[in-house]
Amino acid sequence: MKKFYLTTAIDYVNGQPHLGHTYEKVLADTIARYHRLKNEDVHFLTGVDEHGQKVQQKAQSEGVEPQLFCDQMAQKFVDLTHVLNLSNDDFVRTTQERHKRVVRLALQKLYDQGLIYKAEYRGFYSVKEERFLQDKDRIHGEWPTLFGEVKEIVENNYFFKLSAYQDWLIAFLNENTDFVLPQFRQKQVLEFLKEPLNDLCISRPQERLQWGIPLPFDAQFITYVWFDALLNYVSAVGYGQKEFANYWPADLHVIGKDILVPAHAVYWPIMLKALDIPLPKHLLVHGWWLTSGEKLSKSLGNAFDLFEWLQSYGTDAARYFLLREMVTGQDCEFSIENFIGRYNHELANEWGNLVSRTFNMLQRYCQSRVPVVHSDSIASENLQMHWGETHKSVFESFDNFLFSQGLEKLFKFIRELNRFVENQAPWKLSKTGNSKDQYILENTLAFLVEGIRLCAQILQVIIPESSAKILKALQVSRTTDFTWNTSLLQGALIADPLLLFPKK
Ligand code: MSP
């Protein structure tokens, strides 16, 4: 059976992992976990993008071989997958032989079909920055001084016949209106396609770039950027081999808005079409984390240490905040104050406190066992009904990748559980010595445990570590049953009270 195959962008190794990378990987991980929760067979891929001039220069400036430099940097991104508790099934590196083999195979195939040709390439080149500039780099028609001397260079290069597929791509997008999600992003792609496409320059001469994959039909040239990077999505799942059919077409590529147009929405579909490979089902495009309105990548750099942040507050807290604060698809300003606010208010006071007080009361009033529900005592109809609505509507949000909205709905239910405790006041009931009150108390706790079980089962996809602790303490073995059922855990002996999110 074909797997649900989802991928992330592969990160450049010329800089340290940052919060932008972190968010994207957590978003993709949550989607992967959510599909597993729905009993789907998931394959989740992430990885790093290692070739190119910047890496070559960085390695040179540090006096190490590019491969060694990449090995060291790639390790930091692998470490991040562990720290973030990602459930990825694979980690692709573009320096791996399995990847290089596929890049050569794809290039050769296109060359044999006459879709790659050699021609003169003209461009403005910054000697200082060692790169070609684009018209958009000009300010009021002039090259800013930061580029130093700018020369017009003419050199031979290889080109891919992108332009031949423009009409096909427009027709495809018009027929598949949800190819790019959220849908407003697809409109941007169509807007971009109103201008005629140029063919894509896919190489750089060896003299200027060595760190990359040589073209299989002309080793004097190195594959340039996108023809290398984009192919990771097929190289990692065995393109050219029988197993490929178990994964492809990908169900979802999760990417940031900066690499949608033209890379993922124009080059990639056209490359696939030309290679006669089916297109992925969807691209999910997220926005940027900003600081003072600017894209946050290195800007947060000095004041903020990502790994330290994750360590001091815990991965779950960070994962929760990133998904709760940002509306998928839109930009969002990052602030530590907002993070601490949500941590204390939602994770510590609302959720953590509900769990710890319930466990405490079970220990104190019920010898740590989940009580049996007494039918002649208070009923849980309201909670049961609200759970039914909450469950349906949270799943609806998650199905549409709206995790922030889904969490908001789930926390509304958590607040209802907290109100329920206050109203029932088990600590008062325990004092009366009246058997009816004891029944009410026991029912109250049984309902709370059931509410916590169900919420924790959903929260597994967002905050897996703490949710697993709760489910383990409750001895829940099957975590995919979402129907309100107060007899499911009755009699279970539960572990000691849990302190999940200590207040900061
Ligand atoms: N290597 C390319 C992607 C190739 S995919 C075949 C690349 N790398 S990157 O390291 O610059 O970015 C990796 C991902 O992180 C991109 O999807 C990018 O949008 C995302 N982010 C980088 N900074 C970001 C924010 N400030 N906020 C959210 N995500 C952003 O592009």
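Novice: Any details on the sheet that holds strand β12 (residues 218-223)? Residues and values, ideally.
Specialist: Taken together, the 3 strands give an open sheet; going across it, the order is β10-β12-β11, and neighbouring strands pair in antiparallel fashion. Of all the strands in the sheet, the pair left with one neighbour each is β10 (203-205) and β11 (214-215). In this sheet, β12 lies alongside β10 in antiparallel orientation, the contact comprising 3 bridges. In the strand pairing of β12, Ser203 is matched with Thr223.

Novice: Let's hear about the pairing of strand β1 (residues 4-8): which residues, and what values?
Specialist: The element β1 is largely enclosed, with a buried count of 5 among its 5 residues. Along β1, one buried face is formed by Phe4, Leu6 and Thr8 and the opposite face, lined by Tyr5 and Thr7, is buried too. Pairing analysis gives 4 bridges linking β1 to strand β3 (residues 42-49), with the strands arranged parallel. Paired with Leu6 across the two strands is Phe44, which belongs to β3.

Novice: How would you summarise the domain arrangement of the protein chain if you had to cite specific residues and measurements?
Specialist: Split by domain assignment, the protein chain resolves into domain 1 (4-286) and domain 2 (336-473). Computed from C-alpha atoms alone, the centre-to-centre distance between domain 1 and domain 2 is 45 Å. Both faces considered, domain 1 and domain 2 share a buried interface measuring about 1000 Å² in area, 74% of it formed by carbon and sulfur atoms. The interface formed by domain 1 and domain 2 contains 1 salt bridge. A salt bridge links Lys38 to Asp399; the shortest N-O distance between them is 2.8 Å. The tally of links between domain 1 and domain 2 comes to 4 residue pairs in polar contact (both at pLDDT 80 or more).

Novice: Residue-level account of empty space enclosed by the protein, with values.
Specialist: For the structure shown, the criterion picks out 1 cavity of 30 Å³ or more. In this structure, the largest cavity encloses a volume near 50 Å³. Looking at the largest cavity, the residues that line it are Asp11, Lys25, Thr46, Gly47, Phe77, Leu80, Thr81 and Phe91. The biggest single contributor to the lining of the largest cavity is helix α3 (residues 66-83), with 3 residues.

Novice: Account for the packing of aromatic side chains, naming residues and giving values.
Specialist: Summed over all chains, the structure comprises 37 aromatic pairs. Judged by centre distance (5.1 Å) and plane angle (70°), the rings of Tyr125 and Phe132 are edge-to-face. An aromatic cluster of at least three residues, connected via ring pairs, comprises Tyr23, Trp289, Phe304, Trp309, Tyr313, Phe321, Phe334, Phe339, Tyr343 and Phe501. When the ring centre of Tyr121 is taken as reference, the NZ or CZ atom of Arg204 above it lies at 5.3 Å. In this arrangement the basic side chain of Arg204 is found over the ring face of Tyr224, its NZ or CZ atom lying 3.8 Å from the centre.

Novice: Before we move on, can you summarise the side chain of Thr328 with the specific residues and values?
Specialist: Mapped onto the elements of the fold, Thr328 is located in the loop between α11 (315-325) and β17 (332-333). Overall, Thr328 belongs to the buried group, its relative accessible area being 11%. Engagement of the side chain of Thr328 in a polar contact is seen with the backbone oxygen of Phe401, the distance being 2.6 Å. Here Thr328 is in contact with Tyr23, Leu27, Pro182, Leu284, Phe401, Leu402 and Phe403, once residues within four sequence places are set aside.

Novice: Residue-level account of the site of the ligand, with values.
Specialist: Looking at the ligand, there are 25 residues lining it, with Ile10, Glu24, Asp49, Asp258 and Leu296 nearest. One of the backbone N or O atoms of Trp289 is found 2.9 Å from a nitrogen atom in the ligand. Here the ligand has 660 Å² of accessible area as a free molecule, and 96% of this is covered by the chains. Along the lines of polarity and charge, the residues of the shell around the ligand split into 12 nonpolar, 8 polar and 5 charged.

Novice: Describe α3, naming the residues involved and giving the relevant values.
Specialist: The first and last C-alpha atoms of α3 sit 26 Å apart over 18 residues, in line with the 26 Å expected at 1.5 Å per residue. Of all the residues in α3, the buried ones are Pro66, Phe69, Cys70, Met73, Ala74, Phe77, Leu80 and Thr81. The arc enclosing the buried residues of α3, seen along the axis, measures out at 125°, which places them on a common side. For α3, the elements touching its buried residues are β2 (11-12), α1 (19-37), β3, α2 (53-61), β4 (90-93) and α10 (306-313). Looking one or two residues past α3, Asn85 carries a phi angle of roughly 60°, positive in sign.

Novice: Any details on the nonpolar core? Residues and values, ideally.
Specialist: If you look at the biggest cluster of nonpolar residues, it comprises 92 residues, and the most contacted ones within it are Leu6, Ile31, Trp289 and Trp351. Each of domain 1 (4-286) and domain 2 (336-473) accounts for three or more of the residues forming this core. Beyond its immediate stretch of four places on either side in the chain, Ile31 contacts Phe4, Leu6, Leu252, Val254, Leu284, Phe401 and Phe403.

Novice: Kindly report on the pairing of β3, identifying the contributing residues and their values.
Specialist: For a regular strand, the rule is simple: side chains alternate between the two faces of the sheet. Across the 8 residues that make up β3, a large majority, 8, are buried. Pairing of β2 with β3 involves 2 bridges; the strand directions are parallel. By the bridge assignment, Asp11 is partnered in β3 with Val48.

Novice: So what's going on with the confidence of the model for the protein chain? Residues and values would help.
Specialist: Residues with a pLDDT of 70 or more make up 99% of the protein chain, whose mean pLDDT is 95. Mean pLDDT across the elements of the protein chain bottoms out in strand β6 (residues 131-133) (82) and peaks in β4 (99).

Novice: How would you sum up the packing of α11 against helix α12 (residues 336-366)? Please name residues and give values.
Specialist: Where α11 contacts α12, the two axes come as close as 10 Å, and the packing angle between them is 105°. Our classification of the angle between α11 and α12 gives roughly perpendicular. In this structure, α11 contributes Ala317, Ala318, Tyr320, Phe321, Arg324 and Glu325 to the contact, and α12 contributes Asn338, Phe339, Arg342, Tyr343, Glu346 and Leu347.

Reading guide: rules and limits
Residues numbered from 1 in each chain as written. Predicted model: local features only at pLDDT ≥ 70, side-chain atom pairs only at ≥ 80, totals over all residues. Heavy atoms only, no water. Pairing = 2+ DSSP bridges. Helix = DSSP H or I, 4+ residues; strand = E, 2+ residues; numbered from the N terminus. Buried < 20%, exposed > 50% of the residue type's maximum accessible area, 1.4 Å probe, protein only. Domains from an automatic or database assignment. Buried area = accessible area lost by both parts, 1.4 Å probe. Salt bridge = Lys/Arg side-chain N within 4 Å of Asp/Glu carboxyl O. Polar contact = N/O pair within 3.5 Å; in protein donor to acceptor, adjacent residues only side chain to side chain. 1 Å grid on protein atoms, 1.4 Å probe; cavity = no way out; pocket = protein on both sides within 12 Å on 5 of 7 lines; lining within 4 Å. Points joined across faces, edges and corners; volume = space filled by probe spheres on them. Phe/Tyr/Trp six-rings, centres within 6.5 Å; stacked < 30°, edge-to-face > 60°. Lys NZ or Arg CZ within 6 Å of the ring centre and 35° of its normal. Contact = heavy atoms within 4.5 Å. Near = heavy atom within 4 Å. Areas by Shrake-Rupley, 256 points an atom, 1.4 Å probe, with all protein chains shown as cover. Nonpolar A, V, L, I, M, F, W, Y, C, P; charged D, E, K, R; others polar. Expected span 1.5 Å × (residues − 1). Arc of directions from axis to C-beta. Core = buried A, V, L, I, M, F, W, Y, C linked by side-chain atoms within 4.5 Å. pLDDT = per-residue confidence, 0-100. Axes fitted to C-alpha atoms, helices over the stretch in contact; angles between N-to-C directions. Parallel < 35°, antiparallel > 145°, perpendicular 65-115°, else oblique.

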